[in-house]
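# Structure assessment
Residue-level listing of the chains:
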Amino acid sequence: MDRFANIFRYFQSNSESMMNGICGILALASIRIYNSFQFICPCLPIYNTIYGIGVMFLPPIILFLCGVIVNKHSLLMLEEWQRPEGYRSKDASLLSYMFLAVVQRAALSPAVWLVVCLLDGKCVVCAFSTSVDPSRFANMSECPGEELLSLLSKVPCKDLPSEHLQHHLTFPRNAVYRYLRSISQALGWTILLLLILAAFLARCFKPCSKHVIFLQSRYWSNYIDIEQSTFEETCCEHARAFARHSVSQFFHSNLADLKTHCSGMADLTG
Amino acid sequence: MDRFANIFRYFQSNSESMMNGICGILALASIRIYNSFQFICPCLPIYNTIYGIGVMFLPPIILFLCGVIVNKHSLLMLEEWQRPEGYRSKDASLLSYMFLAVVQRAALSPAVWLVVCLLDGKCVVCAFSTSVDPSRFANMSECPGEELLSLLSKVPCKDLPSEHLQHHLTFPRNAVYRYLRSISQALGWTILLLLILAAFLARCFKPCSKHVIFLQSRYWSNYIDIEQSTFEETCCEHARAFARHSVSQFFHSNLADLKTHCSGMADLTG
Amino acid sequence: MDRFANIFRYFQSNSESMMNGICGILALASIRIYNSFQFICPCLPIYNTIYGIGVMFLPPIILFLCGVIVNKHSLLMLEEWQRPEGYRSKDASLLSYMFLAVVQRAALSPAVWLVVCLLDGKCVVCAFSTSVDPSRFANMSECPGEELLSLLSKVPCKDLPSEHLQHHLTFPRNAVYRYLRSISQALGWTILLLLILAAFLARCFKPCSKHVIFLQSRYWSNYIDIEQSTFEETCCEHARAFARHSVSQFFHSNLADLKTHCSGMADLTG
């Protein structure tokens, strides 16, 4: 149990490491949600595109907003930005550093969702199956345009044996499916490579940027945690003293009424 | 539970052993990702080659960059390389030692991916099925060139019964598949042997290189960990003292407001 | 859980017992790798022999090198062998004892691979199917030499119905397959018997050899472990003292900047 206690202590030590932990959990949760989510393509010409693109882009927006909400620093940054300028001048570089840190952490789980979605490929197959030209896979010249669209929209659904399909035995359903899925996977790997490349370059150029700002923001983040806990403690002390005072006053002032109600109470206050 | 605690303590003891652990996890993860990844060959002449080579080489690049990013030493090395030269001169041998250590650890998981990919053989079959000359397996002289290319590109896909295949019953699909896969496996074992041989020679010639640099980098790695934790502690001490000061000031300055709200507060501050 | 803790404590007690554990894990891993590896014979006259013999002998070489690399004693032995001869003369018997110990442990997993491979028999069938004379199983005199070679090379592949096979219905495919596989298994059992016999004799004659060398190498192995851990501890102590000095200097030098930012900080430094 020691190791769990250690991990837990690490994440509780200050709010910054807790934020890192929450972002990691959100990224893992996005994979888990994607896997447990039943993707059901409507297999109708226009609905397909809307549904596919919706599943691909709506959850990342939700996850991004979640990432911003759970991050304490976003609140801190807004407070720093809006406070009246007193003795201490606002440090623009510190503000931009915090803004970047918040956006980076919040963008992690949407990126994970998008990459998992593209590597799985179901969304792309559903969204763009009607945009594929099937003539490159088989000779479909004898098939009228509208019927072809209906056939293409049914590509993502294996359980829909359309009556057209029986007329067009040569319709290359599997070929279209494979084509779209491999393009989706290629896109997913490429985006993943670009993201990692960006992270790599950011890491490489970090020593070039001012190291003091990083240490300063770290000190500030620590300070905020400690100020809050100190405020909480001082609050409790004051409140306890005040509460004791109030309760004793209540007992003293109500003694007259209590005496009239029950004479036995008098013995208690003696 | 003791042994888990021991393992965990070992990985937490300093950042270097943690890096080793992370590299091992990345290598295992690359096997896991390969197994959970659905390889879907598009089965179209040019797409095949791009997709197969992409799956074989893009993820290793991603894994390599990941390995460099998660390694604390890469950051350390960059900082040492870029710092202005003060009283302490830069040690080129220490820098090159750290660079090699970082590259070695980062190259582990890409190598694992490549070897697993070659031993599995699907990527090679997909990428190079159109480059095989089928005349060595069966007499395909009566088949025109373009049709032959289309047939060869469908070798990796068992679920694509092309209408050509029914015309050419003698097309040696299984023979081509076996041929490519066995070559891929032979290549995989050979690369694995060369890698292990390189590691073996590196290990053998290690006693010949300067042992002092190894001990120096080890001391440095330890020092960085301890400096960071000491900075964190000192930060917390300073922040706690300052926070106590601020909170007590806040309570004193707000007393006037509190007095007007509730007269009972006056007794507490007395 | 106690017994697992005990086993784990034993493997952690010194590096020698850990080496034994790693060798056992490598031996088990070699069985696991063989089982998960998909053996696919190319079924082409010359490729067959190269592929079969490659799978039989390349992985054991790799496993042997792995066994040498993971063994700490091999490094120790090299260092002892290469060091300049100072006051302490090199002990040849100790060196040879360590060399034998390293080779013995490293040879365990290649032996396991070879025996498993021979008992399974697929490699031998693939490698030597073209070397069998089929005339002992059936009358194949009317079949030309080149066609016979092509037929024999297709013995390991059940899924390749060659057009030749339909012409030569009398070709004894199953007989050749059974013949080669039984020879392979006989060889496997014989090698296993010889290895166990060698181990038995080595164990029997161990009390006759010098016991002092064994004790000396054991002491040495223990000493190396303890020297390393002592070095690590001393490193940490030195680093901690130096880090405390550096961090306090950083805070003092940055006080001027902090004073201008917040006047309340002045009280803290007083």
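Residues numbered from 1 in each chain as written. Chains lettered and ligands numbered in written order. Predicted model: local features only at pLDDT ≥ 70, side-chain atom pairs only at ≥ 80, totals over all residues. Heavy atoms only, no water.

### Focus on the overall build of chain A
Our working definition: Comment: elements are numbered from the N terminus, with helices defined as DSSP H or I runs of at least four residues and strands as E runs of at least two. A 1.4 Å probe rolled over the protein chains alone gives each residue an accessible area, and that area as a share of the maximum for its type sets the label: buried under 20%, exposed over 50%, partly exposed in between. Here the open area of atoms and residues is found with the Shrake-Rupley method and a 1.4 Å probe, where only the protein chains shown may cover a residue.
In terms of helices and strands, chain A carries 12 helices and 0 strands. In sequence order, the secondary structure elements of chain A are arranged as α-α-α-α-α-α-α-α-α-α-α-α. Counting the 270 residues in chain A, one finds 37% classified as buried. Here chain A has roughly 16,100 Å² of accessible surface; of this, 66% comes from carbon and sulfur atoms.

### A look at helix H5 (residues 92-120) of chain C
All names here are of chain C. Selection criterion: What a helix should span is 1.5 Å times the count of its residues minus one. We define the bend at any residue as the angle between the axes fitted to the seven residues before and including it, ending there, and the seven starting there.
Taking 1.5 Å of rise per residue, 29 residues should cover 42 Å, and H5 covers 42 Å from first to last C-alpha, within 8% of that figure. Maximum bend of H5: about 30°, positioned at Leu108, with proline Pro110 one to four residues after it. Along H5, the residues that are buried comprise Leu94, Leu95, Met98, Val102, Arg105, Ala106, Ser109, Pro110, Trp113, Val115, Cys117 and Leu118. Looking one or two places after H5, you find Gly121, whose phi comes out positive at around 85°.

### With respect to the interface of chain B and chain C
The figure often quoted for interface size is the accessible area lost as the parts come together. The line we're drawing: Residues are treated as being in contact if the distance between any of their heavy atoms lies within 4.5 Å. Here the quantity called buried area is the total loss of accessible area, with a 1.4 Å probe, experienced by two parts when brought into contact, counted for both. Salt bridges are counted wherever a side-chain nitrogen of Lys or Arg sits within 4 Å of a carboxyl oxygen of Asp or Glu. In protein, a polar contact means a hydrogen-donor-capable atom and an acceptor-capable atom, both N or O and within 3.5 Å, with residues adjacent in sequence counting only if both atoms are side-chain atoms; elsewhere, any N or O pair within 3.5 Å suffices.
Contact with chain B, which involves 46 residues of that partner, is made by 53 residues of chain C. Interface of chain B and chain C: buried area, both sides summed, is about 4,600 Å²; carbon and sulfur atoms make up 73% of it. Our count for the chain B to chain C interface comes out at 0 salt bridges. Where chain B touches chain C, the interface holds 6 residue pairs in polar contact (both at pLDDT 80 or more).

### Remarks on the packing of helix H3 (residues 45-70) of chain B against helix H5 (residues 92-120) of chain B
When two helices pack together, their arrangement is given by the angle between the helix axes and the distance between those axes. All names here are of chain B. Stated precisely, the cut-off is as follows: The convention used is that axes are lines fitted to C-alpha atoms, helices contributing only their stretch in contact, and that angles between N-to-C directions extend from 0 to 180 degrees. Any angle from 65 to 115 degrees is called roughly perpendicular, while one under 35 is roughly parallel, one over 145 is roughly antiparallel, and all others are oblique. What makes a crossing left-handed is the near helix being turned counterclockwise from the far one by less than a right angle; a clockwise turn instead makes it right-handed. Side-chain classes are defined by residue name, with Ala, Val, Leu, Ile, Met, Phe, Trp, Tyr, Cys and Pro counting as nonpolar, Asp, Glu, Lys and Arg as charged, and the others, Gly among them, as polar.
Relative to each other, H3 and H5 sit at 155°, their axes nearing to 8 Å. On the basis of their axis angle, the class for H3 and H5 is roughly antiparallel. In the packing of H3 onto H5, the handedness of the crossing is right-handed. Facing Val55, Met56, Phe57, Pro59, Pro60, Leu63, Phe64, Gly67 and Val68 of H3, the residues of H5 in contact are Val102, Val103, Ala106, Ala107, Ser109, Pro110, Trp113, Leu114, Cys117 and Leu118. Classifying every residue of the contact of H3 with H5 by side-chain character gives 17 nonpolar, 2 polar and no charged.

### Examining the relation of the copies chain B and chain C
Selection criterion: Overlaid copies result from least-squares superposition on C-alpha atoms, with residues included only where pLDDT is at least 70 in both.
With an RMSD of 0.5 Å, chain B superimposes on chain C once it is rotated by 43° and translated 2.7 Å along the axis. A share of only 11% of the interface residues of chain B reappears at the interface of chain C, consistent with the copies meeting through non-equivalent patches.

### Here we look at the confidence of the model for chain A
The condition that has to hold: On a scale of 0 to 100, pLDDT captures the predictor's confidence in every residue.
Averaged over all residues, the pLDDT of chain A is 80; the fraction at 70 or higher stands at 82%. In the predicted assembly, ipTM is 0.75 and pTM is 0.78.

### Let's talk about the packing of helix H4 (residues 72-82) of chain B against helix H10 (residues 211-253) of chain B
Residues and elements named next belong to chain B. Put simply, H4 and H10 touch, their axes get as near as 12 Å, and they point 95° apart. Classified by the angle their axes make, H4 and H10 are roughly perpendicular. For the pair formed by H4 and H10, the contact residues are Lys72, His73, Leu76 and Glu80 on the first element and Trp220, Ser221, Ile224, Asp225 and Gln228 on the second.

### Points about the state of the cysteines
The condition that has to hold: Here, two cysteine sulfur atoms that lie within 2.5 Å of each other are counted as a disulfide.
Following the criterion strictly, the structure yields 6 disulfides over all chains and no others. Sulfur-sulfur distance for the disulfide between Cys43 of chain B and Cys157 of chain B comes to 1.6 Å. Judged by the sign of its S-S torsion, about 85°, the cystine formed by Cys43 of chain B and Cys157 of chain B is right-handed. Here Cys157 of chain B lies in the loop between helix H7 (145-153) and helix H8 (163-167) and Cys43 of chain B lies in the loop between helix H2 (15-36) and H3, a separation of 114 residues in the sequence. With its sulfur 1.9 Å from that of its partner, Cys41 of chain C forms a disulfide with Cys126 of chain C. Its torsion about the S-S bond being 80°, the disulfide of Cys41 of chain C and Cys126 of chain C is classed as right-handed. With a gap of 85 residues between them, Cys41 of chain C in the loop between helix H2 (15-36) and helix H3 (45-70) and Cys126 of chain C in helix H6 (residues 122-128) connect regions that are remote in the sequence. Taken individually, Cys41 of chain C and Cys126 of chain C each receive the classification buried, so the pair is uniform in this respect. By sequence order of its bonded cysteines, chain A has the disulfide arrangement 1-3, 2-4. This cysteine, Cys66 of chain B, is not joined by any disulfide, and Cys23 of chain B carries the nearest cysteine sulfur, 11 Å off. With no disulfide partner, Cys117 of chain C has as its closest neighbouring cysteine sulfur the one in Cys123 of chain C, 3.1 Å distant. With relative accessibility at 0%, the residue Cys117 of chain C sits in the buried group.

### Points about a nonpolar patch on the surface
Put simply, the rule is: Like-charged residues within 9 Å of one another, or nonpolar side chains (Val, Leu, Ile, Met, Phe, Trp, Tyr) within 5 Å, are grouped into patches, provided each residue has over 30% relative accessible area and no salt bridge.
Together, Leu58, Ile61, Leu65, Ile69 and Val70 of chain A make up an exposed nonpolar region whose accessible area comes to about 500 Å². Looking at where Ile61 of chain A falls in the secondary structure, it is placed in helix H3 (residues 45-70).

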